[in-house]
Amino acid sequence: MRIGTFTIMVISLLFLLATLNAAWLGRLVRPGRRRKIYLAYAVLTLLAVAAFAGMRFAGEYEWIGGITGVFYFGSFWTVLQLLLLAAWPVSKLAAMLQKKLDAGSNPPVNGGEVLSRRSFITQAALLPPAAMTGINAVGLLDAELGIVLRRMDMAYADLPQNLHGLKIAHITDVHIGPYVSVADLKKMLELLRRETPDLLTITGDFVDDLSMLPAVAKALQAYVAAFPLGVWFCMGNHEYIRGAAPIRKMLQDCGVNILDNRSSRLSFNGGSFYV
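Within every chain, residues take consecutive numbers counted from 1 along the sequence as written. Totals for whole chains, interfaces and linings use every residue, but because this is a predicted model, local features are given only for residues with pLDDT of at least 70 and side-chain atom pairs only at 80 or more, for both listing and counting. Note: side-chain values were computed over all heavy atoms of the structure, leaving out hydrogens and water.

Regarding the environment of Val 10
Then, in step 1: Within the secondary structure layout, Val 10 lies in helix α1 (residues 5-28).
Then, in step 2: Overall, Val 10 belongs to the buried group, its relative accessible area being 15%.
Then, in step 3: Linking Val 10 and Gly 74, residues 64 residues apart in sequence, is a C-alpha distance of 9.6 Å. In this text, helices come from DSSP runs of H or I with a minimum length of four residues, and strands from runs of E with a minimum of two, each type numbered from the N-terminal end. Exposure categories follow from relative accessible area, calculated using a 1.4 Å probe and restricted to protein chains: below 20% of the type maximum is buried, above 50% is exposed, and the middle band is partly exposed.

Some words on the sheet that holds strand β1 (residues 168-171)
Then, in step 1: Pairs of strands are assigned from DSSP output, requiring at least two bridges between the strands. In space, the four strands of this open sheet follow the order β1-β2-β3-β4, with parallel pairing throughout. Pairing within the sheet leaves two strands with one partner each, and these edge strands are β1 and β4 (257-258).
Then, in step 2: Across two bridges, strand β3 (residues 231-233) lies against β4 in parallel orientation. Residue pairing across strands places Trp 232 opposite Asn 257, the latter belonging to β4.

Quick word on the side chain of Asp 205
Then, in step 1: Note that Asp 205 resides in the loop between β2 (199-202) and α7 (213-221).
Then, in step 2: We treat Lys and Arg as the positive residues and Asp and Glu as the negative residues; His and chain ends play no part in the count. Salt bridge, as applied in this entry: a Lys or Arg side-chain nitrogen positioned within 4 Å of an Asp or Glu carboxyl oxygen. The charged side chain of Asp 205 is buried without a salt bridge, its nearest counter-charge being Arg 242 at 8.4 Å.
Then, in step 3: Here the side chain of Asp 205 touches His 238 through a polar contact of 3.0 Å, landing on its backbone nitrogen.
Then, in step 4: With near-sequence residues (within four places) excluded, Asp 205 lies in contact with Asp 173, Val 174, His 175, Gly 236, Asn 237, His 238 and Glu 239. Here a polar contact means two N or O atoms within 3.5 Å. Within protein one must be a hydrogen donor candidate and the other an acceptor candidate, and residues neighboring in sequence count only if both atoms are side-chain atoms. Between two residues, a contact is recorded if the distance between any of their heavy atoms is within 4.5 Å.

Here we look at a nonpolar patch on the surface
Then, in step 1: A cluster of nonpolar side chains, namely Leu 13, Leu 16, Leu 20 and Trp 24, defines an oily patch on the protein surface of about 340 Å² accessible area.
Then, in step 2: Structurally, Leu 13 is set in helix α1.
Then, in step 3: The exposure class assigned to Leu 13 is partly exposed, which follows from its relative accessible area of 39%. Patch membership needs two things, relative accessible area over 30% and no salt bridge, and members are linked within 9 Å if like-charged or within 5 Å if nonpolar (Val, Leu, Ile, Met, Phe, Trp, Tyr). Values of accessible area rely on a 1.4 Å probe in the Shrake-Rupley scheme; residue burial ignores everything except the protein chains shown.

Overview of the packing of aromatic side chains
Each aromatic ring pair is summarised here by two numbers: the centre-to-centre distance and the angle between the ring planes.
Then, in step 1: A pair of Phe, Tyr and Trp rings is counted when the ring centres sit within 6.5 Å of each other, with Trp represented by its six-membered ring. The angle between the planes then sorts it: under 30 degrees is stacked, over 60 is edge-to-face, the rest tilted. Across all of its chains, the model carries four aromatic pairs by this definition.
Then, in step 2: With 6.0 Å between their ring centres and 70° between their planes, Phe 206 and Phe 233 make a pair best called edge-to-face. One end of the pair, Phe 206, is in the loop between β2 and α7; the other, Phe 233, is in strand β3, and 27 residues separate them in sequence. Residue Phe 206 shares its accessibility class with Phe 233, and that shared class is buried.

Regarding the packing of helix α6 (residues 182-194) against α7
Then, in step 1: Direction vectors running N to C along α6 and α7 enclose 15°, while the axes themselves pass 10 Å from each other. When the axes of α6 and α7 are compared, the pair comes out roughly parallel. At the point where α6 passes α7, the crossing takes the right-handed sense. Contact with α6, carried on its side by Val 182, Leu 185, Lys 186 and Leu 189, involves Ala 215, Val 216, Ala 219 and Leu 220 of α7 and no other residues of that element. Geometry is summarised by axes, namely lines fitted to C-alpha atoms with helices restricted to the contacting stretch, and by angles between N-to-C directions that run from 0 to 180 degrees. Any angle between 65 and 115 degrees counts as roughly perpendicular, while under 35 counts as roughly parallel, over 145 as roughly antiparallel, and the rest as oblique. Note on convention: the crossing is left-handed when the near helix lies turned anticlockwise from the far helix by less than a right angle, right-handed when the turn is clockwise.

A short note on the nonpolar core
Then, in step 1: With 33 residues, the main nonpolar core has Ile 176, Leu 200, Phe 206, Val 216, Leu 220 and Leu 251 as its most contacted residues.
Then, in step 2: Elements represented by at least two residues in this core include exactly β1, α6, β2, α7, β3 and α9 (244-253).
Then, in step 3: Not counting residues up to four positions away in its chain, the partners in contact with Leu 200 are Ala 169, His 170, Ile 171, Leu 189, Leu 192, Phe 227, Gly 230, Val 231 and Trp 232.
Then, in step 4: By size, the runner-up hydrophobic cluster in this structure holds 15 residues, among which are Leu 25, Tyr 41, Val 49 and Leu 84. Here, nonpolar core means buried Ala, Val, Leu, Ile, Met, Phe, Trp, Tyr and Cys residues that are tied together by side-chain atoms lying within 4.5 Å of each other.

Topic: the pattern of salt bridges
Then, in step 1: Evaluation of the coordinates by the stated rule reveals six salt bridges.
Then, in step 2: The closest approach of N and O atoms between Asp 253 and Lys 249, which form a salt bridge, is 2.9 Å. Here Asp 253 pairs with Lys 249, and both are found in helix α9, just four residues apart, close to one helical turn.
Then, in step 3: One network of salt bridges, in which partners are shared, links Glu 190, Arg 193 and Arg 194.

Some points on unusual backbone geometry
Glycine aside, residues mostly have negative phi, and peptide bonds are mostly found in the trans state.
Then, in step 1: In this structure, Thr 196 takes a positive phi of about 50° despite not being glycine.
Then, in step 2: Within the secondary structure, Thr 196 is located in the loop between α6 and β2.
Then, in step 3: Exposure remark for Thr 196: the relative accessible area of 54% places this residue in the exposed category.
Then, in step 4: At Asn 261, a residue that is not glycine, the phi angle is positive and equals roughly 55°.
Then, in step 5: Its location among the elements puts Asn 261 in the loop between β4 and β5 (265-268).

What to know about the side chain of Asp 184
Then, in step 1: Assignment of secondary structure puts Asp 184 in helix α6.
Then, in step 2: With no salt bridge to any partner, buried Asp 184 finds its closest opposite charge in Lys 187, at an N-O distance of 4.3 Å.
Then, in step 3: With sequence-adjacent residues up to four places away left out, Asp 184 is seen in contact with Ile 147 and Tyr 179.

Now the structure itself:
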């Protein structure tokens, strides 16, 4: 299994972030609890690393419902570590300010308690990551619950009469890989086919995992004929990052038209237009 340079870099960064954050958290708890913090961090970080490494197998098990959701943990844990690391200096400044304010105020009376520096840092440091974790969780659920088809009616005052009723399907930034499976692509194509569009446009960032190209090709070939004016593709930055040559060959073998700094004239209902 080839993990890839990018994945190795992310895993290395994750280990560094987790080590720093575990050390910070360890200073905020009683000495007797530090071992538990370190152990929990080690286990969760190893699980995140396993999630990153296991992305290469995602396509093989896409038939298992929700399997791709497992691989989100690697990204989730990494983002959480970044948020925690950013929270520490902010919390430190807040604690210094709180300490200065407490020094200039009168001590509490009637048995009141002063918020300890350790408690303040702990609470202040955990608030931003907790808030962002909730936001990310909502976004993840929204993305995983289903594919949404949006219909848009476009009106132009000077549109030639013979182009009225032209229906164009558009998908973009699918990023087929560990988080978006070939099964998801098939669902998208089937939804579009039922709308009976005249042509399909795909505007880049289509495939992230090159090992899935054969399965993507098989899915595309089954639907190319459903679009009378063809399927049209333009390259995105991820195509060049992942490997433009094999993606280009796969698309061309499927009968997909690739536009590179050029246009193409198509006929429709006695008229014509350019893509």
